[in-house]
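Here's the letter readout for the chains.
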Amino acid sequence: MTILLGNRPTSPEAAVTGDAPATLRLADQVVAEYMWRPDLPVALSPRPYLHPVRTLGGICVTELMPASHRHHLGVSVAVAEVDGANFWGGRTFIPGHGPAWLDNHGTQAHARWLRRTPAQIGHALHWTGIDGALLLTERREISARRLADDAWMLDFGFTLSNAADRDMPVRSPAVHGRPGAGYGGFFWRAPTPDAPVRIDAEAGSGVEAVHGRTSRWLSVHGGAWTLVFIGGTERTRSDRWFVRTRDYLGIGSALSWDEPLVLSPGSALTRRIVTVIADGTLSPDRAAAYADELAS
């Protein structure tokens, strides 16, 4: 298979040389770097991630491997447990015990490039357990588009397919009884801003209005920047949001909360999150307008 970069045909593998990051560009400006084959300790559940992601004004709105949570990697797909394998990084929550270090960390490994243009990345990945067994395959589509002079959108979609001959349960710590810990899926680790964080959503304002709940969109205002997270499909919008502002600033769209999500052999799940990255403050009305425009 070949893809076109300009008028020159090239193979997907030739689109990015060595292990250098792939970049997303709008005109001549790099707005995000995609680390597609990072060199990471196994305890961090190695996986591709986006960092830095910047506003059009140049402000970085992601954080990488902070001291308190080394396994938080910018923007990534991170799942606490897939059939016992940890694709989140760090400790694993054990019912009746709590978080513990286990030798169970998985890896999301590059398989091949599907698409590579200045504003688009198509990536095929293999999710393997610590023993090298293939559990899931992934098709990932990431793209960037300018929305206004002060805002652009990051469109992040992924399809996870069961690659094994058995049911593949996807679980969060909340499934195992840890209250409020429904994290696992698309996850964005944001930097802690100097100004107080404000959370707005279609469901209301404040963390309590949206954490563990569904909402068509939510916005995070960090003083000099605003992020608006939008469920890009009807199925994605039925997932609950994980929002944390205490200790760190993290936002995720949860694949499982009270119950495991079980993929039968040969089945797949697809999710899509659209994020508006803006300089300055976006009002709830403008965030809602973006949701109207960008959600399928």
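By the naming in an unreviewed UniProt entry, the chain goes by PmoA family protein and is assigned to Actinoplanes flavus.

Asker: Where do I start with helix H3 (residues 284-294) in this structure?
Answerer: Since the α-helix advances by 3.6 residues per turn, residues separated by three or four positions end up pointing in the same direction. Every buried residue belonging to H3 is among Ala287, Ala288, Tyr290, Ala291 and Leu294, and all of these are buried. Angular distribution of buried residues about the axis of H3 spans 155°; they occupy a single face of the element. Looking at H3, the residues exposed on the side facing more than 90 degrees away from the buried face are Asp285 and Asp292. Packing partners of the buried residues in H3 comprise strand E12 (134-148), strand E13 (151-162), strand E18 (217-221), strand E19 (225-231) and strand E23 (268-279).

Asker: Looking at this structure, how should I read the pattern of salt bridges?
Answerer: As a working rule, side chains carrying opposite charge can pair if their charged atoms are close by. Throughout the structure, instances matching the rule amount to 16 salt bridges. As a salt-bridge pair, Arg189 and Glu63 come within 3.0 Å of each other at their nearest N and O atoms. Note that Arg189 is positioned in strand E15 (residues 185-190) and Glu63 in the loop between strand E5 (49-53) and strand E6 (75-82), a separation of 126 residues in sequence. Take Glu63: its relative accessible area is 24%, and that puts it in the partly exposed class.

Asker: I keep staring at the side chain of Ser253 and nothing clicks. Help me out?
Answerer: For Ser253, the location among the structural elements is in strand E21 (residues 249-254). Aside from chain neighbours lying at most four places away, what touches Ser253 is Gly184, Gly185, Phe186, Thr236, Asp239, Arg240, Trp241 and Ile273.

Asker: Whenever I open this one, the confidence of the model for the chain confuses me. Can you help?
Answerer: Detail in the predicted coordinates should be disregarded across regions flagged by low pLDDT. A residue-level look at the chain finds 94% of positions with pLDDT of 70 or above and a mean pLDDT of 93. Predicted confidence for residues 1-17 stays below pLDDT 50, and this span has 29 contacts to residues more than four positions away or in other chains.

Asker: What should I look at first to understand the pairing of E23 in this one?
Answerer: Working note: regular strand, side chains alternate between the two faces of the sheet. Most of E23 sits out of view: ten of its twelve residues are buried. Here E13 pairs with E23 via eleven bridges, running antiparallel. Following the sheet pairing, Asp155 is matched in E23 by Val274. Looking at chain direction, E19 and E23 are connected through seven bridges and run antiparallel. Within the sheet, the bridge partner assigned to Val228 lies in E23 and is Val276.

Asker: Help me out: how do you make sense of the environment of Thr245 in this one?
Answerer: Relative to the assigned elements, Thr245 resides in the loop between strand E20 (241-244) and E21. A sequence separation of 76 residues divides Thr245 from Pro169, and the C-alpha atoms of the two residues are 29 Å apart. In this view, Thr245 contacts Val197, Ile199 and Val207; residues no more than four positions away in its chain are not counted.

Asker: Even after reading the chapter, I still don't get the side chain of Asp279, so can you show me in this structure?
Answerer: Assignment of secondary structure puts Asp279 in strand E23. Buried within the structure, Asp279 lacks any salt-bridge partner; its nearest side chain of opposite charge belongs to Arg146, at an N-O separation of 8.3 Å. Here Thr55 takes part through its side chain, which lies 2.6 Å from a polar atom of the side chain of Asp279. A distance of 2.8 Å separates a polar atom in the side chain of Asp279 from the backbone nitrogen of Gly57.

Asker: I would appreciate a short explanation of the environment of His72 in the present structure.
Answerer: Relative to the assigned elements, His72 resides in the loop between E5 and E6. By relative accessible area, His72 is classed as buried at 1%. Sequence separation between His72 and Leu227 is 155 residues, and the spatial gap between their C-alpha atoms is 18 Å. The residues contacting His72, other than those within four sequence positions of it, are Arg47, Glu63, Leu64, Met65, Pro66, Trp88, Phe187, Arg189 and Tyr248.

Rules and cut-offs
Note on numbering: residues in each chain are counted from 1, in written sequence order. Residues qualify for local features only when their pLDDT is at least 70, as the model is predicted, and side-chain atom pairs are given and counted only at 80 or more; totals for whole chains, interfaces and linings, by contrast, use all residues. With hydrogens and water excluded, all non-hydrogen atoms of the structure serve as input to the side-chain values. The classification of residues rests on relative accessible area computed with a 1.4 Å probe and restricted to protein chains. Under 20% of the type maximum is buried, over 50% is exposed, and intermediate values are partly exposed. We count a stretch as a helix when DSSP gives it H or I for four or more residues in a row; a strand needs E for two or more, and each element gets its number in order from the N terminus. For this quantity, the arc is that covered by the directions from the helix axis to the C-beta atoms. Residues count as neighbours in contact if any of their non-hydrogen atoms are within 4.5 Å of one another. The term salt bridge refers to a side-chain nitrogen of Lys or Arg lying within 4 Å of a carboxyl oxygen of Asp or Glu. Known as pLDDT, the predictor's per-residue confidence is scaled from 0 to 100. Any two strands with at least two DSSP-identified bridges between them are counted as paired. Asp and Glu are treated as the negative residues and Lys and Arg as the positive ones, with His and the ends of the chain left uncounted. Counted as a polar contact is a pair of N or O atoms within 3.5 Å, where, for protein atoms, one must be capable of donating a hydrogen and the other of accepting one, and residues adjacent in sequence contribute only when both atoms are in side chains.

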